[in-house]
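# Inside the fold
Residues per chain, in single letters:
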Amino acid sequence: MDTKTEYLARRSDLLCSLRLFFLERDFIEVETPLLSEEVIPELHIEPIRVAGARGPLWLQASPELHMKRLLAEGMECVEAIFQITRSFRGDERGPLHNPEFTLLEWYRVGDDMQAGIEFVDELLQAVLASDPVTRTSYAAAFEKHVGIDPHQATCEQLASRAAELELAAPAEMTIDDRDEWLNLLLAMKVEPELGRAGPEILYDYPESQAALATVTQREDGKRVAERFELYWHEVELANGYHELTDAEELRQRLVAVNEARAADGRERLPLPESLLAAMQRGLPACAGCALGFDRLAMLACGAESIDDVIAFP
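Predicted, not measured: the structure shown is a model, and the values here were computed from it. (Residues numbered from 1 in each chain as written. Predicted model: local features only at pLDDT ≥ 70, side-chain atom pairs only at ≥ 80, totals over all residues. Heavy atoms only, no water.)

## What about the packing of aromatic side chains?
Per the stated rule, a full pass over the model turns up 10 aromatic pairs. Between the aromatic rings of F22 and F27, the centroid separation amounts to 5.0 Å while the plane-to-plane angle is 85 degrees, which identifies the pairing as edge-to-face. Side by side, F22 and F27 carry an identical accessibility label, which is buried. With 5.7 Å between their ring centres and 50 degrees between their planes, W106 and F119 make a pair best called tilted. Residue W106 is located in strand β6 (residues 100–109), and its partner F119 is located in helix α3 (residues 113–128); the two are separated by 13 residues in the primary sequence. Taken individually, W106 and F119 each receive the classification buried, so the pair is uniform in this respect. Among the aromatic residues, those joined into a cluster by ring pairs are F21, F22, F27, F82, W106 and F119. The lysine or arginine in question, R227, covers the ring of Y205, its NZ or CZ lying 4.4 Å from the ring centre. (Phe/Tyr/Trp six-rings, centres within 6.5 Å; stacked < 30°, edge-to-face > 60°. Buried < 20%, exposed > 50% of the residue type's maximum accessible area, 1.4 Å probe, protein only. Helix = DSSP H or I, 4+ residues; strand = E, 2+ residues; numbered from the N terminus. Lys NZ or Arg CZ within 6 Å of the ring centre and 35° of its normal.)

Below you can see the structure in the form of structure tokens.
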């Protein structure tokens with residue numbers, strides 16, 4: 001077999017191993033729509049619009065919207081669900097990006113962030129025979145690789161540190177955009193150091209970067225987002241949350257995202273009213289995680305690009 005064929009065969013084996021892993025732990029595999037009239041607005045992700053008979057439809061960037069609806073609306077007796085599905089994001093192409101990609105996503109009722117992290121660790125050891133994951137707080141990673149406290153530093157201090165490290169900020173970035181300064185430092189100085197010796201999970205993100213995660217106050221008084229991301233060989237593999245269950249808080253966050261999109265010259269996106277209504281009726285406390293399967297296959301094969309592990313990139 002040629003290399004591409006070997007990689008695709010390894011991809012197939014990996015899919016089988018993942019399904020078996022979840023089924024052995026009493027998860028139910030579900031299927032949800034790829035097309036919907038609603039999306040979950042995100043600042044840095046562009047969904048792909050499709051013309052529909054009754055108006056615009058959106059190819060889903062993640063099955064999150066509908067999987068949470070399942071937990072909230074009709075699967076009260078089910079405590080753990082997973083899905084391996086196609087997902088879509090516009091304007092993303094490169095060695096780690098394809099506009100159409102495969103996403104593994106799961107939710108388990110009763111899990112908090114620590115349980116979510118432990119589950120990811122268990123999955124990697126079972127499926128890829130990895131070493132146990134290293135767990136590093138967002139604050140510890142910044143203090144080690146940037147030399148600054150990301151939770152306490154002002155915008156001016158973050159900008160000054162970026163200048164000291166000779167990082168060129170985009171021309172459109174303003175001095176008061178704290179999250180973008182954090183993202184710049186994270187992308188250029190922290191992420192390249194993560195997961196070099198083995199899988200590593202970054203956790204306890206700044207409150208302003210909670211996305212759909214709960215926010216809590218730690219013993220040192222800092223308010224953090226109970227969000228975690230998995231890195232291995234400098235590749236971001238997964239993003240997980242101790243899920244926010246408050247519908248009104250989620251609405252406020254998504255409205256703020258749309259305002260930020262508009263300020264950046266991009267269109268506001270339709271709010272996921274069906275999800276918000278389901279959450280009003282009650283989304284059970286849970287942890288969820290989305291893992292990029294193509295990237296996982298790439299690392300499992302030792303490939304240099306996800307193009308090598310996708311039949312038709």
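## Considerations on the pairing of strand β3 (residues 48–52)
In the sheet, β3 pairs with strand β4 (residues 55–59) via 5 bridges, with the strands oriented antiparallel. Within the sheet, the bridge partner assigned to G52 lies in β4 and is G55. Connecting β3 to the antiparallel partner β4 that follows it, the hairpin turn spans 2 residues. (Pairing = 2+ DSSP bridges.)

## Overview of the packing of helix α2 (residues 64–73) against helix α8 (residues 273–282)
The N-to-C vectors of α2 and α8 enclose an angle of 30 degrees; their axes lie 9 Å apart at closest approach. Comparing the axis directions of α2 and α8 gives the class roughly parallel. Like other packed secondary-structure pairs, α2 and α8 cross with a definite hand, here left-handed. For the pair α2 and α8, contact is made by L65, K68, R69, A72 and E73 and by S274, L275, A278, R281 and G282, respectively. When the residues that make up the contact of α2 with α8 are grouped by side-chain class, the tally is 4 nonpolar, 2 polar and 4 charged. (Axes fitted to C-alpha atoms, helices over the stretch in contact; angles between N-to-C directions. Parallel < 35°, antiparallel > 145°, perpendicular 65-115°, else oblique. Left-handed = near helix turned anticlockwise from the far one by under 90°. Contact = heavy atoms within 4.5 Å. Nonpolar A, V, L, I, M, F, W, Y, C, P; charged D, E, K, R; others polar.)

## Thoughts on the sheet that holds β3
Reading across the sheet, the 3 strands line up as β2-β4-β3 and stay open at both edges, with antiparallel pairing between neighbours. Strands at the two margins of the open sheet, each flanked by one partner only, are β2 (35–36) and β3.

## Topic: helix α4 (residues 138–145)
Residue pairs spaced three or four apart in an α-helix point in one direction, given the helix's 3.6 residues per turn. Of all the residues in α4, the buried ones are Y138, A139, A141 and F142. With its buried residues spanning 165 degrees around the axis, α4 presents them on a single face. (Arc of directions from axis to C-beta.)

## Some words on the nonpolar core
Formed by 39 residues in total, the largest nonpolar core has its most connected members in F22, L104, W106 and L123. For this core, the elements supplying multiple residues, two or more each, are α1 (3–23), β5 (80–88), β6, α3, β10 (223–232), β11 (235–242), β12 (286–292) and α9 (293–301). Looking at which element gives the most residues to this core, the answer is α3, with 8 residues. With near-sequence residues (within four places) excluded, F22 lies in contact with F27, F82, L104, W106, F119 and L123. (Core = buried A, V, L, I, M, F, W, Y, C linked by side-chain atoms within 4.5 Å.)

## Observations concerning α9
Buried residues dominate α9, accounting for 8 of its 9 residues. Within α9, burial applies to F293, D294, R295, L296, A297, M298, L299 and C301. Two residues or fewer after α9 comes G302, characterised by a positive phi angle close to 75 degrees.

## Points about the side chain of N258
With respect to the secondary-structure elements, N258 resides in helix α7 (residues 247–263). Under the relative-accessibility criterion, N258 is labelled buried at 6%. Side-chain polar atoms of N258 contact the backbone oxygen of L269, separated by 2.8 Å. Every residue in contact with N258, bar those within four places of it in the chain, is listed here: P41, R268, L269 and L271. (Polar contact = N/O pair within 3.5 Å; in protein donor to acceptor, adjacent residues only side chain to side chain.)

## Points about the side chain of S305
Examined against the element boundaries, S305 turns out to sit in the segment after α9. Looking at S305, its side chain comes within polar contact range of the main-chain nitrogen of D307, at 3.1 Å.

## What about the state of the cysteines?
Taken as a whole and assessed by the stated rule, the structure comprises 0 disulfides. The thiol of C289 is unpaired, and the distance to the nearest cysteine sulfur, on C286, comes to 12 Å. For C289, a relative accessible area of 3% puts it in the buried group. (Disulfide = S-S within 2.5 Å.)

Read these as spatial facts, not as claims about activity.
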